[in-house]
Amino acid sequence: MGAFGNFAISFSVICILAGGMSLFGFGLGHGGPAVMLGTWLLIGFMTLLVGMSLADVVSAYPTSGGPYFMADKLGGPRWGWVTGWLNLLGLLGAIAGIDYGAAAFAGAFAQMQWDITPTDSTTMLTFGCILLVHGLLNSAGVRLVTVLNSISVWWQLLGVAVIVGALTLAPAQHQSAAFVFTHFHNDSGFSSPLYVWAVGALVAGYTFCGYDASAHVAEETTDAQTSAPRGIVRSIYVSWIAGFVLLAGLLFAMQDYTATQNTATGVPPAQIFLDVLGASGAKALLLVVIVAMLFCGNAEVAAASRMVYAFSRSRALPGWQSWRIVNEKTKTPTRAVWFVIVVPFVLALPALWSPTAYGAITAINAVGMTPAYGIPVFLALRKGAAYQPGRWSLGRWRLPIGYIAVAYVAMITVVFCLPQSTPITADSFNYAGVTLLAALLLAWATWITRGKRDYQLTASQAAQPGEAMIHEGF
């Protein structure tokens, strides 16, 4: 994997065509256009600072373990253990959320194309098929994954250009600039505009996740000490720019605010496509989005499988002897790939009975991964002069950018856990905080019961039959 391939996997995981589209309806009800675009600019900039700080540490420790390996080296085993569990659970929740979202969008397309009304069962079946395909593709080897991620970059960028271009050039009425940049709309039930702005920031907050993928494939990347950190930073700022263009294009083209929110398709952007381009054009653009989501899920499986492989190499997961084995033919941790296929499917099963339960489980996505990014940065700052940066470094800017990044991570993690609508009921309750607490309790319990005994950050373990050792470290 070269420098572009390393950038491509993080860009594919962030996937503005997945996050921006899936959360568009949420943004319309939680602040509207002004909040969606304003917070996209702010959150994107703050995420860039976090990414730059994390990239500095990645250059010093370019390993498949990513944040947990860095946390261990900088703060000790307990820091590594907690960070690893947060990162891993976040990655698994992300796969469940991304691929289930792709299944939901596929259901909307089926309804438009063949008048097939999606049900919870058909969505779950589609979700399982998507996971199966991603498992097969990732089992074929990193070269195929790299090719698909490279295609994904151009698919997303050209997709944004096609969507925005079609919506702009279509002979339909467009919203004014004043509406797009200043209109505030609040259906959350909360009266405080400041609070609504904070909650509305989650459109960007949830989208800008997964850029640690560049670190997880560092051991399969040429010149990893510079390619991996650059991959992180580039994926963020390219997503930041392209995502703003996408959101602005959708908002300018929106014909009826209420109808878009309450669309029968269940997908507000699809209603904008229908209103502006008609059924044929809407289906074509919806396919662009669905394919982007599939690329995103495939890249997330690649990143998560490397995390499982590395964490198992450190004896952190039950059954670690199996998950750390690398296929001799494909040089891929195939068993780890299927681990991250099966677990997200199990996590999503509650959606058959309760969408709320499913939301509670997959909430670990951002609320787990974001703290995992901030912990290594914090520990590197705490290390002071003893910290030895790699070849890619922020230099004298490392301290001020790092402190801002850590403060932002703490703040946005709290925002992730805030109630998002009122009145607060079992269905409207935000379970992210509960999920984060459960993840921390799981990390603590597993550390007490087996972590202290088994966890070992080393790459010199005896190779299992058929295992190709990939060394941790520099």
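Since the model is a prediction, treat every value here as computed from it, not as a measurement.

Novice: Give me the lowdown on a nonpolar patch on the surface, citing residues and values where you can.
Specialist: A grouping of F4, W154 and L158 is seen on the molecular surface, where their side chains present a nonpolar patch of about 340 Å² in accessible area. When you line up the elements, L158 lands in helix α8 (residues 142-169).

Novice: Can you tell me about the environment of V406, naming the residues and giving the values?
Specialist: Assignment of secondary structure puts V406 in helix α20 (residues 398-416). For V406, a relative accessible area of 22% puts it in the partly exposed group. Separated by 28 residues in the primary sequence, V406 and F378 have C-alpha atoms spaced 6.2 Å apart. Apart from the residues within four sequence positions on either side, V406 is in contact with G374, V377, F378 and L381.

Novice: Can you tell me about unusual backbone geometry, naming the residues and giving the values?
Specialist: What you tend to see is this: most non-glycine residues have negative phi, and most peptide bonds are trans. Here the amide bond leading from T422 into P423 is cis, since omega sits at 5 degrees, within 30 degrees of zero. If you trace the backbone, P423 turns up in the loop between α20 and α21 (432-454). Despite not being glycine, D115 shows a phi value in the positive range, around 60 degrees. Along the chain, D115 falls in the loop between α6 (77-114) and α7 (120-139). With phi around 50 degrees, D223 is a residue other than glycine that occupies positive phi space.

Novice: Provide a residue-level description of the nonpolar core, including the pertinent values.
Specialist: Residues L17, M21, I163 and F311 are the most contacted members of the largest nonpolar core, which totals 136 residues. It is helix α15 (residues 268-313) that contributes the most residues to this core, 20 residues altogether. Those residues in contact with L17 that sit more than four places away from it in its chain are Q156, V160, I163, L246, V288, V289, A292 and M293. Within the second largest apolar cluster, 10 residues are counted, among which are M1, V142, V145 and A299.

Novice: Provide a residue-level description of the confidence of the model for the protein, including the pertinent values.
Specialist: Per-chain confidence: the protein averages 89 in pLDDT, with 96% of residues scoring 70 or above. Averaged pLDDT values over the elements of the protein bottom out at 70 in helix α18 (residues 355-362) and peak at 96 in helix α4 (residues 32-60). Low confidence marks residues 459-474, where pLDDT is under 50. Its contacts with residues over four positions away, or in another chain, come to 45 contacts.

Novice: How would you explain the packing of helix α5 (residues 67-75) against helix α19 (residues 364-383) if you had to name every residue and give the values?
Specialist: It is at 9 Å that the axes of α5 and α19 come closest, and there the two elements cross at 25 degrees. Between α5 and α19, the interaxial angle falls into the category roughly parallel. Where α5 crosses over α19, the two elements pack in a sense that is left-handed. Of α19, the residues touching α5 (which contributes P67, M70, A71, K73, L74 and G75) are A372, Y373, I375, P376, L379, A380, R382 and K383. Taken together, the residues that form the contact of α5 with α19 break down as 10 nonpolar, 1 polar and 3 charged.

Novice: Tell me what's going on with the packing of aromatic side chains, and back it up with residues and numbers.
Specialist: When we look at a pair of aromatic rings, we describe it by the centre distance and by the angle of the planes. Across all of its chains, the model carries 25 aromatic pairs by this definition. Relative to F311, the ring of W81 has its centre 6.1 Å away and its plane inclined at 45 degrees; by these criteria the two rings are tilted. Residue W81 is found in helix α6, and its partner F311 is found in helix α15; the two are separated by 230 residues along the sequence. Note on Y206 and F416: the rings are 5.0 Å apart at their centroids and 45 degrees apart in plane angle, and the pair reads as tilted. One end of the pair, Y206, is in helix α11 (residues 202-207); the other, F416, is in helix α20, and 210 residues separate them in sequence. Judged by its relative accessible area of 1%, F416 is buried.

Novice: Give a detailed account of the pattern of salt bridges, specifying residues and quantitative values.
Specialist: One pass over the structure, following the stated rule, counts 5 salt bridges. Residues D454 and R450 are paired through a salt bridge, measuring 3.7 Å at the closest nitrogen-oxygen approach. Taken as a pair, D454 and R450 lie in helix α21 at a separation of 4 residues, close to a single helical turn. Neither residue differs from the other here; D454 and R450 are each classed as buried. Residue R453 is joined to D454 by a salt bridge in which the shortest nitrogen-to-oxygen separation is 3.1 Å.

Novice: For empty space enclosed by the protein, give the residues involved together with the corresponding values.
Specialist: Summed over the entire model, instances satisfying the criterion amount to 3 cavities of 30 Å³ or more. One number sums up the size of the largest cavity: a volume of about 80 Å³. Lining of the largest cavity is provided by 14 residues; of these, T47, F208, Y211, T370 and Y408 occupy positions nearest its centre. At the level of secondary structure, the elements contributing two or more residues to the lining of the largest cavity comprise α4, α11, α19 and α20. In terms of residues, the lining of the largest cavity owes the most to one element, α20, which gives 4 residues.

Novice: Explain the side chain of S10 residue by residue, including any values.
Specialist: Along the chain, S10 falls in helix α1 (residues 3-14). The exposure class of S10 is buried, given its relative accessible area of 0%. A polar side-chain atom of S10 sits 2.9 Å from the main-chain carbonyl oxygen of Y211.

About the thresholds
Residues numbered from 1 in each chain as written. Predicted model: local features only at pLDDT ≥ 70, side-chain atom pairs only at ≥ 80, totals over all residues. Heavy atoms only, no water. Patch = residues over 30% accessible without salt bridge, like charges linked within 9 Å, V, L, I, M, F, W, Y side chains within 5 Å. Areas by Shrake-Rupley, 256 points an atom, 1.4 Å probe, with all protein chains shown as cover. Salt bridge = Lys/Arg side-chain N within 4 Å of Asp/Glu carboxyl O. Helix = DSSP H or I, 4+ residues; strand = E, 2+ residues; numbered from the N terminus. Buried < 20%, exposed > 50% of the residue type's maximum accessible area, 1.4 Å probe, protein only. Contact = heavy atoms within 4.5 Å. Core = buried A, V, L, I, M, F, W, Y, C linked by side-chain atoms within 4.5 Å. pLDDT = per-residue confidence, 0-100. Axes fitted to C-alpha atoms, helices over the stretch in contact; angles between N-to-C directions. Parallel < 35°, antiparallel > 145°, perpendicular 65-115°, else oblique. Left-handed = near helix turned anticlockwise from the far one by under 90°. Nonpolar A, V, L, I, M, F, W, Y, C, P; charged D, E, K, R; others polar. Phe/Tyr/Trp six-rings, centres within 6.5 Å; stacked < 30°, edge-to-face > 60°. 1 Å grid on protein atoms, 1.4 Å probe; cavity = no way out; pocket = protein on both sides within 12 Å on 5 of 7 lines; lining within 4 Å. Points joined across faces, edges and corners; volume = space filled by probe spheres on them. Polar contact = N/O pair within 3.5 Å; in protein donor to acceptor, adjacent residues only side chain to side chain.

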